[in-house]
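Reading the structure
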Amino acid sequence: MEVVIYHFMRGTIKVVLGRDMPDANTFKPFFDAQMRMIGVAITSWIIELLITNVAFSVAFSIVPFMSFLRSPLTLLVQAYLLGFAIVDNYNEQFDISINQSLGYIRRSYMGVCLGLGFPLFLILYVPLIGALLGPLLISVTAAIVMRELSDLHLVGYIPSEKEMKKMDKQEARRQKREAKKRRKAERKARRKGLPLPS
């Protein structure tokens, strides 16, 4: 499924944005996309397990008369996660990590994920043709929809306040490590009588 999504997502972005991905037809970007999709699949699987097994079990044990909603809610979770896998492929083209993509989609594009995931969920039930046609149609649709709704192609990814604070902390730690290395190199140079490193 990822092979179809990868090819048609990049092709659609090339058409609608006029943006060709560097080295798009070489093995490395394809391999990186495969590894990322494995990461997305594992992340989605964990999220689905936590929501459908843990959260739903707790919720429906508290209010058992509502347990008839378990199947439709599980379907919604699965459709959302299928849509997330497709939209993440679009986000990947703009160098967004999986965690950033999760947050970005959760903030603004959950409806898009449901709108793409539910038809894909249904199309995948068509024997043989569904596995090829579903990802093809939905990846092309996702590229067009996200181009219209998202501003990634215009301004790039803008981190949330929480992400900015985290990046600031990481930068401060990096600068602290570099300062420590520099002081250590200066002490070493003084002991050996060498000129101080610049």
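For the structure, check the block above.
With that settled, the discussion passes to the overall build of the protein. Check the secondary structure of the protein and you find eight helices and zero strands. In sequence order, the secondary structure elements of the protein are arranged as α-α-α-α-α-α-α-α. Taking 16 Å as the expected radius of gyration for a compact globule of 198 residues, we find that the protein reaches 23 Å, considerably beyond that expectation. At a minimum sequence separation of 6, the contacts of the protein that also span at least 24 residues come to 70%. Total accessible area on the protein stands at roughly 12,700 Å², and carbon and sulfur atoms take up 65% of it. For the protein, the distance from the average position of its 27 positive side-chain charges to the average position of its 16 negative side-chain charges is 14 Å.

Scanning all chains against the criterion turns up five salt bridges. The partner of E148 in a salt bridge is R147, and the shortest N-O contact between them spans 3.0 Å. Looking at E148, the relative accessible area reads 55%, which means it is exposed. What makes R147 partly exposed here is its relative accessible area of 29%.

Within the secondary structure layout, S101 lies in helix α4 (residues 98–108). Residue classification places S101 among the buried residues on the basis of a relative accessible area of 0%. Within the structure, S101 has its side chain in polar contact with the side chain of D88 (distance 2.8 Å).

So, about the nonpolar core. Nonpolar side chains in soluble globular proteins tend to be buried together. Ranked by size, the top nonpolar core spans 34 residues in total, and within it M9, I86, V87, Y90, I105 and L152 carry the most contacts. Sorting the residues of this core by element identifies α1 (2–17), α2 (27–62), α3 (70–92), α4, α5 (110–123) and α6 (129–149) as the ones contributing at least two each. Tallying contributions element by element places α3 first for this core, with nine residues. Setting aside chain neighbours within four positions, we find Y90 in contact with M9, I13, L17, A143, M146, R147, L152 and H153.

This part takes up the environment of S139. Note on placement: S139 falls in helix α6. In terms of polar contacts, S139 uses its side chain to reach the backbone carbonyl oxygen of L136, at 3.2 Å.

Below, the discussion takes up unusual backbone geometry. Look at D95: it is not a glycine, yet its phi comes out positive at around 60°. Mapping D95 onto the fold places it in the loop between α3 and α4. By relative accessible area, D95 is classed as exposed at 71%.

This brings us to the packing of aromatic side chains. Ring pairs (aromatic) are described by centroid distance and by the angle formed between their planes. Inspection of the entire model under this criterion finds five aromatic pairs. Each ring, one from Y90 and one from F94, has its centre 5.1 Å from the other, and the planes form 55°; the classification is tilted. Residue Y90 is classed as buried on the basis of its relative accessible area, which comes to 0%. Note on F94: relative accessible area 12%, which makes it buried. With a centroid separation of 5.5 Å and 70° between ring planes, the pair formed by F121 and Y125 is classed as edge-to-face. F121 sits in the buried class, given a relative accessible area of 16%.

Definitions and cut-offs
Residues numbered from 1 in each chain as written. Predicted model: local features only at pLDDT ≥ 70, side-chain atom pairs only at ≥ 80, totals over all residues. Heavy atoms only, no water. Helix = DSSP H or I, 4+ residues; strand = E, 2+ residues; numbered from the N terminus. Rg over C-alpha atoms; globule rule 2.2 N^0.38 Å. Contact = heavy atoms within 4.5 Å. Areas by Shrake-Rupley, 256 points an atom, 1.4 Å probe, with all protein chains shown as cover. Lys, Arg positive; Asp, Glu negative; His and termini not counted. Charge placed at Lys NZ, Arg CZ, Asp CG, Glu CD. Salt bridge = Lys/Arg side-chain N within 4 Å of Asp/Glu carboxyl O. Buried < 20%, exposed > 50% of the residue type's maximum accessible area, 1.4 Å probe, protein only. Polar contact = N/O pair within 3.5 Å; in protein donor to acceptor, adjacent residues only side chain to side chain. Core = buried A, V, L, I, M, F, W, Y, C linked by side-chain atoms within 4.5 Å. Phe/Tyr/Trp six-rings, centres within 6.5 Å; stacked < 30°, edge-to-face > 60°.

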